[in-house]
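Each chain, written out:
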Amino acid sequence: MNVGEQSTMNSTEWPHEVMSYLDRWKAIGFVALPDGAKLIGHVPHVAKLAYLHRVPPPLTDIELTQLESRLGKFLPVQLVEFYKCADGLSAFSDTLNVYGLRRSYQRSDLLAASAQPYDIGAPNSTERPSGLRFGEMVVGGYREDGSKILVDEGGAAYRCERGNALSRLNTWPSFQKWITSEIHRLGELFDETGHCLRPQQILPA
């Protein structure tokens, strides 16, 4: 099944389908870290210790409660489903990110540090884009232009300019649809060695 197709599985299994799609780059390198994090697709043309995809370990129920307490709001249902599979994601050499609960800023182990997600707290508090409404949450973004992904209280996902939550560059019906369709789209732009074939198409149209 392509990652962009509608799943016929239990709804909570869709994040695992996303991760299975990323596994196609395991052939060029794979590291499983002691805490359960996964580094997929060694790309030395980017940097000596760089990996195409960085997948942190899942969040526990206690950690999910701690994260909601820190943010002062409940997490969107589909984001919770994703976090029970992986605490965020960095895909295609940091092109696309899902933010998460950063457990540590320790950098003594560079591989372990690289598997930590970008902190979801900052873009929803001290670094929140202007115009972010009470029922909206910043859940991810793109490195290329710094644009952010918002999820509103109805579950729809939007891409907005880095500092302007009122802008609407792209829209998806849900977080699930955003991450699954974008992972599949970006997968068509990268070859089996992790090189981007069409960098001019890296952002959604």
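You'll find the structure just up there.
For the structure given in this document, a descriptive report is provided here. Everything numeric here is computed off the predicted structure, so don't read it as measured data. (Residues numbered from 1 in each chain as written. Predicted model: local features only at pLDDT ≥ 70, side-chain atom pairs only at ≥ 80, totals over all residues. Heavy atoms only, no water.)

Take the overall build of the protein next. A count of helical and extended segments in the protein gives five helices and nine strands. Listed N to C, the secondary structure of the protein is α-β-β-β-α-α-β-β-α-β-β-β-β-α in terms of helices and strands. Looking at the protein residue by residue over its 205 residues, the buried ones come to 52%. Sequence-distant contacts, at least 24 apart, represent 49% of the contacts inside the protein between residues at least 6 apart. (Helix = DSSP H or I, 4+ residues; strand = E, 2+ residues; numbered from the N terminus. Buried < 20%, exposed > 50% of the residue type's maximum accessible area, 1.4 Å probe, protein only. Contact = heavy atoms within 4.5 Å.)

Another point: the nonpolar core. If you look at the biggest cluster of nonpolar residues, it comprises 50 residues, and the most contacted ones within it are F82, F175, W178, I179 and I183. Not counting residues within four places of it along the chain, the set of residues in contact with F82 comprises W14, P15, M19, G88, L89, V98, F175 and I179. One finds L33, A37, L39 and Y51 within the second-largest nonpolar core, a separate group that totals five residues. (Core = buried A, V, L, I, M, F, W, Y, C linked by side-chain atoms within 4.5 Å.)

In this structure, E68 sits in helix α2 (residues 61-71). Separated by 53 residues in sequence, E68 and G121 place their C-alpha atoms 10.0 Å apart. Excluding its chain neighbours within four sequence positions, the residues that come into contact with E68 are K73, F74 and L75. Within the local environment of E68, its side chain forms a polar contact with the backbone nitrogen of L75, the two atoms lying 2.9 Å apart. (Polar contact = N/O pair within 3.5 Å; in protein donor to acceptor, adjacent residues only side chain to side chain.)

The next point concerns the pairing of strand β2 (residues 38-42). When strand β1 (residues 30-32) meets β2, the two strands line up antiparallel, connected through three bridges. From the neighbouring strand, V31 faces β2, where its bridge partner is L39. Linkage of β1 to β2, two consecutive antiparallel strands, is achieved through a turn of five residues, within which G36 is found at a positive phi near 100°. Both β2 and strand β3 (residues 51-55) contribute to a ladder of four bridges, which runs antiparallel. Following the sheet pairing, K38 is matched in β3 by V55. (Pairing = 2+ DSSP bridges.)

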